[in-house]
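An overview of the molecular structure
As a plain string of letters, each chain reads:
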Amino acid sequence: VVTSRDGSHLSDRLRIFNRLSMIFDLANQESSCFVNTTLNAEGIFGRAELTGLVNNAISLVLIFFFHKETGIWILVFSLLSGKLVELFSGIWFLRKAGLEYSLNWSVKDYNVSGFFKVLFVTSGYVGATQIYTSVVTAAASFLPPGTLSVFNYVKLLCTKASGILITPATTVFFSGFSQKA
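Residues numbered from 1 in each chain as written. Predicted model: local features only at pLDDT ≥ 70, side-chain atom pairs only at ≥ 80, totals over all residues. Heavy atoms only, no water.

**Looking at the nonpolar core**
Nonpolar side chains tend toward joint burial in soluble globular proteins. Val35, Leu39, Ile44, Leu87, Phe93 and Leu94 together form the largest nonpolar core, which totals six residues. Of all the secondary structure elements, the ones that give two or more residues to this core are helix H1 (11-41) and helix H3 (73-96). Look past the residues within four positions of Phe93 in its chain and what remains in contact with it is Leu39, Arg47, Leu50 and Thr51. (Core = buried A, V, L, I, M, F, W, Y, C linked by side-chain atoms within 4.5 Å. Buried < 20%, exposed > 50% of the residue type's maximum accessible area, 1.4 Å probe, protein only. Helix = DSSP H or I, 4+ residues; strand = E, 2+ residues; numbered from the N terminus. Contact = heavy atoms within 4.5 Å.)

Here you go:
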């Protein structure tokens, strides 16, 4: 149970805030991913990276200036603020490029049932991957102290190297490839 400065219990309010922030963050991540993918697909390169840079800069500035007043909560506020700015700046770049959103429930010559079949198979793969990751992490926790930290750090380095080397090339290649199709 967490108590505030006046001694009242905050556990219910924190639990509600935690759930709402998780829902908001998930929706915001999906929206930002869609916006960034659309920017790259339209050949507007560099803007998605710029929105991420702005997100990180805003988070760091908020943490630097307000950490004393808000304590640990600044981490939550800076994350949410940065993500919102990332989303809205991405939307601004899309609108500046002339793209506008319109809700359309049907697409000519597109098999929606095929989409859900592939989605079902992909969801199974993603679920299996998450279970595998959890099992490996649990098994690694029985190793000597610090081993799991080293394992996670090496995984992070591999991911960073892959992101630096492969992501830019595949983004440009597949965007150009899809325009030729």
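**Here we look at the pattern of salt bridges**
This structure, assessed with the given rule, holds one salt bridge. Lys83 is the salt-bridge partner of Glu86, the closest N and O atoms lying 3.8 Å from each other. Linking Glu86 with Lys83, this pair stays in helix H3, spanning three residues, or about one helical turn. Residue Glu86 shares its accessibility class with Lys83, and that shared class is buried. (Salt bridge = Lys/Arg side-chain N within 4 Å of Asp/Glu carboxyl O.)

**A closer look at the packing of aromatic side chains**
Enumeration according to the criterion identifies three aromatic pairs in this entry. Ring plane angle 55° and centroid distance 5.2 Å describe the contact between Trp92 and Phe93, whose orientation is recorded as tilted. Its relative accessible area of 14% is what places Phe93 among the buried residues. Directly above the ring of Phe93 sits Arg47, whose terminal nitrogen or CZ lies 5.9 Å from the centroid. (Phe/Tyr/Trp six-rings, centres within 6.5 Å; stacked < 30°, edge-to-face > 60°. Lys NZ or Arg CZ within 6 Å of the ring centre and 35° of its normal.)

**Digging into the layout of surface pockets**
The space that makes up the largest pocket amounts to roughly 420 Å³. If you go around the largest pocket, the residues you meet are Ser31, Phe34, Val35, Thr38, Leu87, Ile91, Leu94, Arg95, Leu99, Glu100, Tyr101 and Ser102. For the lining of the largest pocket, the secondary-structure elements that each account for two or more residues are H1 and H3. Taken as a whole, the second largest pocket spans an internal volume of roughly 230 Å³. Where the lining of the second largest pocket is concerned, the elements lending two or more residues are helix H5 (147-165) and helix H6 (167-180). Of the residues forming the lining of the second largest pocket, the biggest block, four residues, is contributed by H5. Tallied by class, residues from the lining of the second largest pocket come to two nonpolar, three polar and two charged. (1 Å grid on protein atoms, 1.4 Å probe; cavity = no way out; pocket = protein on both sides within 12 Å on 5 of 7 lines; lining within 4 Å. Points joined across faces, edges and corners; volume = space filled by probe spheres on them. Nonpolar A, V, L, I, M, F, W, Y, C, P; charged D, E, K, R; others polar.)

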